[in-house]
Amino acid sequence: MVDKRKVGVLGGGQLGRMLIEAANRLNIQVNILDAAASPAKQISAHDGHITGSFKDAAAVKELAQSCDVVTVEIEHVDTQMLEEVAGSVVVEPSWKTLRIIKDKFQQKGYLKEHGVAVADSVELEGASPETIKEVGSKFGYPFMLKSKTEAYDGRGNFVVRSERDAAKAKEVLGDRPLYAERWADFRLELAVMVVKTKDGVLTFPTVETVHEDSVCKLTYAPPRNVSAETSARAQELAKKAIAAFEGKGVFGVEMFLLKDDSLLVNEIAPRPHNSGHYTIEACPLSQYDAHLRAILDLPIPESSLRLREPAIMLNILGGLTPDSHSQIARKALESPNASIHLYGKGDARPGRKMGHITVTAPSLSAAEREMQPLIDLVDNQKG
Ligand code: ATP
Ligand code: MG
Ligand code: MG
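Nothing here was measured: the structure is a model prediction, and the numbers come from that model.

**Some points on the site of ligand 1**
- Around ligand 1, the structure places 20 residues, and the nearest of them are Lys104, Lys146, Asp153, Gly154 and Glu189.
- Take glycine 154: an N or O atom from its main chain is 2.6 Å from an oxygen atom of ligand 1.
- Between arginine 182 and ligand 1, the recorded distance is 3.1 Å, taken from a backbone N or O atom to a nitrogen atom.
- In isolation ligand 1 has 620 Å² of accessible area, and contact with the protein removes 93% of it.

Here it is in structure tokens:
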């Protein structure tokens, strides 16, 4: 055992599960707070887990009492209780950071205050036709309407293409706390996983992310058709953004690369992130290894965050039939350099993240050739 301390995690989805995969190799006990048999608990047999919700104050308190360091795999948690327990247990990253980031509008205001470029945004009182029109005349069309809270995989975003979309916008997001964002006419999207330790801020390499219907579909490491200078600039921007927050751990920084080569931060995740899955196979340390080490103050050699080999990650989403995602995983079994991760989520709903596949190869084009039949299958399933 390299460390006797117990780690408590709010949330037991796929990110918690992959964090446990990393912890298991070091014999570090991780106590998960989530529903019974959640993906993370399935691969961790001990009696320290807690059944309940990470939004429930009493359950968060119970978790805190069961461990030495508390962390999260999701930001939509009860930060009030985290603030309270922070007096008696280490909370990483800080509850202050989680509180700012879990509200996207507040997050963007905070980044702006710290000199980090983000899209212009404006707070809204509901989504009345008048408000939509007002924003349209300020930002032009299209613009993005976003829920401040509880957003993921694009569930919480609505593209307003003209004032005629007002009724639909109200129908889709009307009962949520809203803000509007100026459209970012990006060339492509980049992401950087940042590691904040007791000593400073480190980064993994820059990757390109491809979203479809607002859900991450693919990541390319390194990015395609992006100069080394731009990749380095993205790493610097990501570092600057995360240096502004308190606490330790890994953070995902999503960015837009605009057509004039400038960068905007889209959003930040205070935890391991989909765009960092590739690190499991492609880097000496994965984002999950790095997160554990950062919150426990264990060594992280900077060169272990490098790319060993180019990599492409493909998300496996629930599809049109209950079996669609299994077909993709089965096809990937035939691929010599594919690592397949299924999350143990049970029933597939369309768009639900069920697993992912990473292919690494000596060149990105070799990885692309190997991944293409799997992308074709995903695209064909959509019909
Ligand atoms: P995640 O699952 O990453 O948490 P989310 O639901 O929080 O997603 P966002 O990251 O806000 O959603 O947006 C999802 C995608 O929608 C972005 O990756 C990008 O492709 C597109 N998008 C978001 N904001 C804008 C914008 N202002 N202009 C243009 N496209 C945008
Ligand atoms: Mg988000
Ligand atoms: Mg996002």
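Having seen it, we continue.
**Digging into the pairing of strand S14 (residues 263-269)**
- Burial analysis of S14 places 6 of its 7 residues in the buried class, which makes it a mostly covered element.
- Relative to S14, strand S13 (residues 249-258) runs antiparallel, the two being bridged by 6 bridges. Its bridge partner lying in S14, methionine 255 is registered against valine 265.
- Counted between consecutive antiparallel strands, the loop separating S13 from S14 contains 4 residues, among which aspartate 261 sits at a positive phi close to 75 degrees.

**Observations concerning the coordination of the magnesium ion (ligand 3)**
- At the metal site, the magnesium ion (ligand 3) is ligated by Glu254 (OE) and Glu267 (OE), and these contacts range over 2.0 to 2.1 Å.
- Distance-wise, the magnesium ion (ligand 2) is placed 3.8 Å from the magnesium ion (ligand 3), both being coordinated by glutamate 267. Highlighted residues: glutamate 254 in strand S13 and glutamate 267 in strand S14, separated in sequence by 13 residues.
- Relative accessible area serves as the criterion here: at 22%, glutamate 267 is assigned to the partly exposed category.

**Observations concerning the packing of helix H11 (residues 324-332) against helix H12 (residues 364-381)**
- Where H11 contacts H12, the two axes come as close as 10 Å, and the packing angle between them is 165 degrees. As the angle between them shows, H11 and H12 are arranged roughly antiparallel. In this structure, the crossing between H11 and H12 has a hand that is right-handed. Across from Ser324, Gln327, Ile328, Lys331 and Ala332 in H11, the residues of H12 making contact are Pro373, Leu374, Leu377, Val378 and Gln381.
- Residue composition of the contact of H11 with H12, by class: 6 nonpolar, 3 polar and 1 charged.

Reading guide: rules and limits
Residues numbered from 1 in each chain as written. Chains lettered and ligands numbered in written order. Predicted model: local features only at pLDDT ≥ 70, side-chain atom pairs only at ≥ 80, totals over all residues. Heavy atoms only, no water. Near = heavy atom within 4 Å. Polar contact = N/O pair within 3.5 Å; in protein donor to acceptor, adjacent residues only side chain to side chain. Areas by Shrake-Rupley, 256 points an atom, 1.4 Å probe, with all protein chains shown as cover. Buried < 20%, exposed > 50% of the residue type's maximum accessible area, 1.4 Å probe, protein only. Helix = DSSP H or I, 4+ residues; strand = E, 2+ residues; numbered from the N terminus. Pairing = 2+ DSSP bridges. Donors = N, O, S within 2.8 Å, 3.2 Å for Na, K, Ca; no water. Axes fitted to C-alpha atoms, helices over the stretch in contact; angles between N-to-C directions. Parallel < 35°, antiparallel > 145°, perpendicular 65-115°, else oblique. Left-handed = near helix turned anticlockwise from the far one by under 90°. Contact = heavy atoms within 4.5 Å. Nonpolar A, V, L, I, M, F, W, Y, C, P; charged D, E, K, R; others polar.

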